[in-house]
Amino acid sequence: MKKRKIALKNLAVLALLISSFIACDKDFSDIDSDIINNDNASHFNTNSQDFDVIAYTKVLDPVQTSSLPINMIGVYNDPNYGMTTASVVTQISSPTINPDFGEGVELDSVILTIPYFSTPTEITEEGETLYDLDSVFGSSPIKLSLYESNYFLRDINPNSEDNINEPQLYYSNMSTGLDNISSALLEGVEIPVNNGDIDLDNFVPSDTQIRLTDGDEELTGLLAPSLRLSLGVGYWFSKIIDMQGEPELSNLNNFRDYFRGIYIKAEPINGSGNMMLLNLLNSGANITLYYTKDNDLGEEVRLDGTYTLNFNGNRVNFLSNDFTIQQGNDVEGDESLYLKGGQGSIAEVKLFNGDDIDEDNSTNNIFETFKNEFVETDEEGNFVSSKKLVNEANLVFFVNQDLVNGGEPNRVYIYDIDNQRPLPDYSLDIANTSFPEFSRINHLGRLQREGDEFDGDGIKYKLRITEHINNLLLRDSTNVKLGLAVSGNINLENNSFQYDILNTSDTDETIPVSAIVSPRGTVLFGNNTNTVNDEKKLYLEIFFTEPNNE
């Protein structure tokens, strides 16, 4: 390759003005640091070029669902795929070890509380706060049941040969990968619930603010919308209060063997339902026992007491799908890409035919041809200098509205499959921790919808991967395979390890956590489209600057 002589003029260096033409054998990494202004902009052309991409659907085997930051409970009828049912089993524990409840204990009430994700929208004239529920999908009723689980959730994998401290993983298909978890063990004893105004046989989450009152019906506090259930006191008196002073409550290990967990089971009603995303680690998520006891001082006034159980410990989501997804063509690519959260599917994406620098110096593969067009390289394909400066690079995915029937996710997430991590563009973008829907939108653009309406039909996703492309060109990075998945919360991928996929091969496959905790799905156009939809074909667009040598 020939190195280009680039003329630069009218450069201001410190306080000295130099007016001359400078001929130099100069790298674009230096040019990028200079100021391109009205005086010298005529020496550069800004152009764009589109490149073909291969993409295909990858159907997921059972995914790891232990230790998720967010859990799904309920039934989601995806308009594009079908029904998913999600239940969860969780350990419980108390910060109070070997409790002393006192004498003459009377258990007044037992309350389970798990806050919903919600956003306050208005305060009425009466002082009531109105809320929108952020993470409830669907509005049809489901059946909810609570059981004391007899299945012990282990911390450590006893079958590990390499690491005695390897954590035990649990998967969406109710297994450890080796052993299945039986429903009979999960559904040990049904925990009684005093339904009151809540019918668990026809349960729909409420967005109403919760009023807390005392025995005289005086207002004592307000809670944001929550799953809040009054549990049967007889069961908990026998299970907890009666065990005062016994070894079962003397330490955490004994307690977790004695009370192995709570199984929250969801079932559809007439083939439909609703799905809740819940944070069981929320500081307001707990089971609280409210009781009174004799006064040690002999006074007639009884003393109030509480005993709180939280959901710390091991938790596992179980997911059941009533649909199947067809595996894609990993050689030629697919016409349509099927993305589904949970134990669903992703798309695998190959840039430049999936090629990389090889040892064949007689011919250039597609990736080598691309690299040689943009940079000078040595005999081993390593970067020497730039010919064209990449300003922006985007992957553009169009929604296949012929196959989509609504319910599209606002966000999708693209990542490095081979190294199981975000692309470098992720860390360079701006995070919004308060509103994840608007986090890192330069890199992971939100779904563009018809008329910019929040419920308009989806048009396309534009994902900026400029830094990834520059790494391929300037830093000799490997042309890795990319993954594309729906995302329930883009921020979950920040400093988060990916979760295991259970497969029968020796390959180490993982999935981003934000894809597991989203029930939603969509269908996008791939690269192998027909002539009718050719304008909606997946492509990589690159905007670049190059010198004008005329």
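The written sequence of each chain sets the order in which its residues are numbered from 1. Residue-level local features of this predicted model are given only where pLDDT is at least 70; pairs of side-chain atoms are given and counted only at 80 or more, and the full residue set underlies all totals for whole chains, interfaces and linings. Hydrogens and water molecules were not included; the side-chain quantities draw on all heavy atoms of the structure.

In this section: the packing of aromatic side chains. For this analysis, a ring pair means two rings from Phe, Tyr or Trp (six-membered ring only for Trp) whose centres lie within 6.5 Å, classed as stacked if their planes differ by under 30 degrees, edge-to-face if by over 60, and tilted for the remaining angles. Taken as a whole and assessed by the stated rule, the structure comprises 23 aromatic pairs. Relative to phenylalanine 137, the ring of tyrosine 76 has its centre 5.8 Å away and its plane inclined at 75°; by these criteria the two rings are edge-to-face. Note that tyrosine 76 is positioned in strand S5 (residues 71-77) and phenylalanine 137 in strand S10 (residues 136-137), a separation of 61 residues in sequence. As far as the burial class goes, tyrosine 76 and phenylalanine 137 line up, both buried. Distance and angle both matter: a charge sits over a ring if NZ of Lys or CZ of Arg is within 6 Å of the ring centre and within 35 degrees of the ring normal. Residue placement shows lysine 239 over the ring face of tyrosine 258; its charged tip is 4.5 Å from the ring centre. Starting at the N terminus, helices and strands are each numbered in turn, a helix being any DSSP run of H or I of at least four residues and a strand any DSSP run of E of at least two. Partly exposed residues are those whose accessible area sits between 20% and 50% of the maximum for their type, while under 20% is buried and over 50% is exposed, using a 1.4 Å probe and protein chains only.

Let us look at the pattern of salt bridges. When a carboxyl oxygen of Asp or Glu lies within 4 Å of a side-chain nitrogen of Lys or Arg, that pair is called a salt bridge. The final tally for this structure, using the stated rule, is 15 salt bridges. Between glutamate 373 and lysine 388 there is a salt bridge, and its shortest N-O distance comes to 2.9 Å. Of this pair, glutamate 373 sits in helix H5 (residues 366-374) while lysine 388 sits in the loop between strand S25 (383-386) and strand S26 (389-398), placing them 15 residues apart in sequence. For glutamate 373, a relative accessible area of 26% gives the class partly exposed. Across the salt bridge formed by glutamate 392 and arginine 464, the nearest N and O atoms sit 3.5 Å from each other. Placement of the pair is glutamate 392 in strand S26 and arginine 464 in strand S30 (residues 458-464), with a sequence separation of 72 residues. Judged by relative accessible area, which is 22%, glutamate 392 ranks as partly exposed.

Along helix H7 (residues 466-474), seven of the nine residues are buried, which leaves the element largely enclosed by surrounding structure. Among the residues of H7, those classed as buried are Thr466, His468, Ile469, Asn470, Asn471, Leu472 and Leu473. Once H7 ends, the next one or two residues include aspartate 476, with phi positive near 55°.

With that settled, the discussion passes to empty space enclosed by the protein. A cavity here means a set of points on a 1 Å grid, drawn over the protein atoms and nothing else, where a 1.4 Å probe fits but cannot get out; a pocket is an open set with protein on both sides within 12 Å along at least five of seven lines, and a residue lines either one if it has an atom within 4 Å of a point. Grid points are joined across faces, edges and corners, and a volume is the space filled by probe spheres set on the points. Following the criterion strictly, the structure yields three cavities of 30 Å³ or more and no others. Taken as a whole, the second largest cavity encloses approximately 50 Å³ of empty space. In this structure, the second largest cavity is lined by Ser94, Thr96, Ile97, Leu249, Asn251, Leu252, Phe255 and Tyr307. Here the nonpolar group is Ala, Val, Leu, Ile, Met, Phe, Trp, Tyr, Cys and Pro; Asp, Glu, Lys and Arg are the charged ones; every other residue, Gly included, is treated as polar. Residue classes in the lining of the second largest cavity are distributed as five nonpolar, three polar and no charged.

Only C-alpha atoms enter the line fits that serve as axes; for helices the fit covers just the stretch in contact. Angles between N-to-C directions range over 0 to 180 degrees. The contact between H5 and H7 brings their axes to 10 Å, and the two run at 85°. Judged by the inter-axis angle, H5 sits roughly perpendicular to H7. Note on element contacts: H7 touches H5 through Ile469, Leu472 and Leu473, opposite Phe367, Phe370, Lys371 and Phe374. Looking at side-chain class alone, the contact of H5 with H7 contains six nonpolar, no polar and one charged residues. Angle categories are assigned with fixed cut-offs, so that under 35 degrees is roughly parallel, over 145 is roughly antiparallel, 65 to 115 is roughly perpendicular, and the rest are oblique. By the convention used here, residues are in contact when the closest approach between their heavy atoms is within 4.5 Å.

Approximately 1200 Å³ is the volume attributed to the largest pocket. Asp134, Ser135, Asn410, Glu437 and Gly488 are, among the 43 residues lining the largest pocket, the residues nearest its centre. Only strand S8 (118-123), S10 and strand S29 (448-449) provide two or more residues apiece to the lining of the largest pocket. When the residues that make up the lining of the largest pocket are grouped by side-chain class, the tally is 17 nonpolar, 15 polar and eleven charged.

Let us look at unusual backbone geometry. Despite not being glycine, methionine 174 shows a phi value in the positive range, around 60°. Relative to the assigned elements, methionine 174 resides in the loop between strand S11 (142-148) and helix H2 (183-186). One non-glycine residue with positive phi stands out, namely phenylalanine 352, at about 55°. Positionally, phenylalanine 352 belongs in the loop between strand S23 (345-351) and H5.

So, about H5. One turn of the α-helix equals 3.6 residues, which is why residues spaced by three or four share an orientation. Listed as buried for H5 are Phe367, Glu368, Phe370, Lys371, Asn372 and Phe374. By the criterion applied in these results, polar contacts are pairs of N or O atoms within 3.5 Å in which, for protein atoms, one can donate a hydrogen and the other can accept it, and in which residues neighboring in sequence qualify only through two side-chain atoms. Here H5 starts with a cap whose side-chain oxygen sits 3.1 Å from the backbone nitrogen of phenylalanine 367, and that cap is asparagine 365.

Moving on: the sheet that holds strand S16 (residues 226-231). Being paired, for any two strands, means DSSP has found at least two bridges between them. As summarised here, the arrangement of the five strands in space is S13-S16-S7-S19-S20, forming an open sheet in which the pairing is antiparallel. Only two strands of the sheet have a single partner each, and these edge strands are strand S13 (193-194) and strand S20 (303-310). Pairing analysis gives eight bridges linking strand S19 (residues 286-293) to S20, with the strands arranged antiparallel. Bridge pairing in S20 places isoleucine 287 opposite leucine 309.

This part takes up the nonpolar core. Membership of the largest hydrophobic core comes to 69 residues, with the highest contact counts inside it found for Leu395, Ile469, Ile511, Leu540 and Ile542. Setting aside anything within four residues of it in sequence, one finds isoleucine 511 in contact with Leu60, Val63, Ile346, Tyr415, Gln498, Tyr499, Ile501 and Ile516. Nonpolar core, defined: a set of buried Ala, Val, Leu, Ile, Met, Phe, Trp, Tyr and Cys residues in which side-chain atoms within 4.5 Å join the residues together. By size, the runner-up hydrophobic cluster in this structure holds 42 residues, among which are Met83, Val105, Ile262 and Ile264.

As defined by bridge partners, strand S7 (residues 106-115) adjoins S16 across six bridges and the pair is classed as antiparallel. Within S16, the position partnered with proline 115 by the bridge is serine 226. In this structure, S13 lies alongside S16, joined through two bridges in antiparallel fashion. Across the sheet, valine 193 pairs through a bridge with leucine 231, a residue of S16.

Here glutamine 91 is to be found in the loop between strand S6 (83-90) and S7. A polar contact of 3.1 Å, which involves the side chain of glutamine 91, links it to the backbone oxygen of leucine 153. Among the polar contacts listed, one links the side chain of glutamine 91 to the backbone nitrogen of asparagine 314, at a separation of 2.9 Å. When sequence neighbours within four positions are dropped, the list of residues in contact with glutamine 91 reads Leu153, Arg256, Arg260, Gly261, Asn310, Phe311, Asn312, Gly313 and Asn314.

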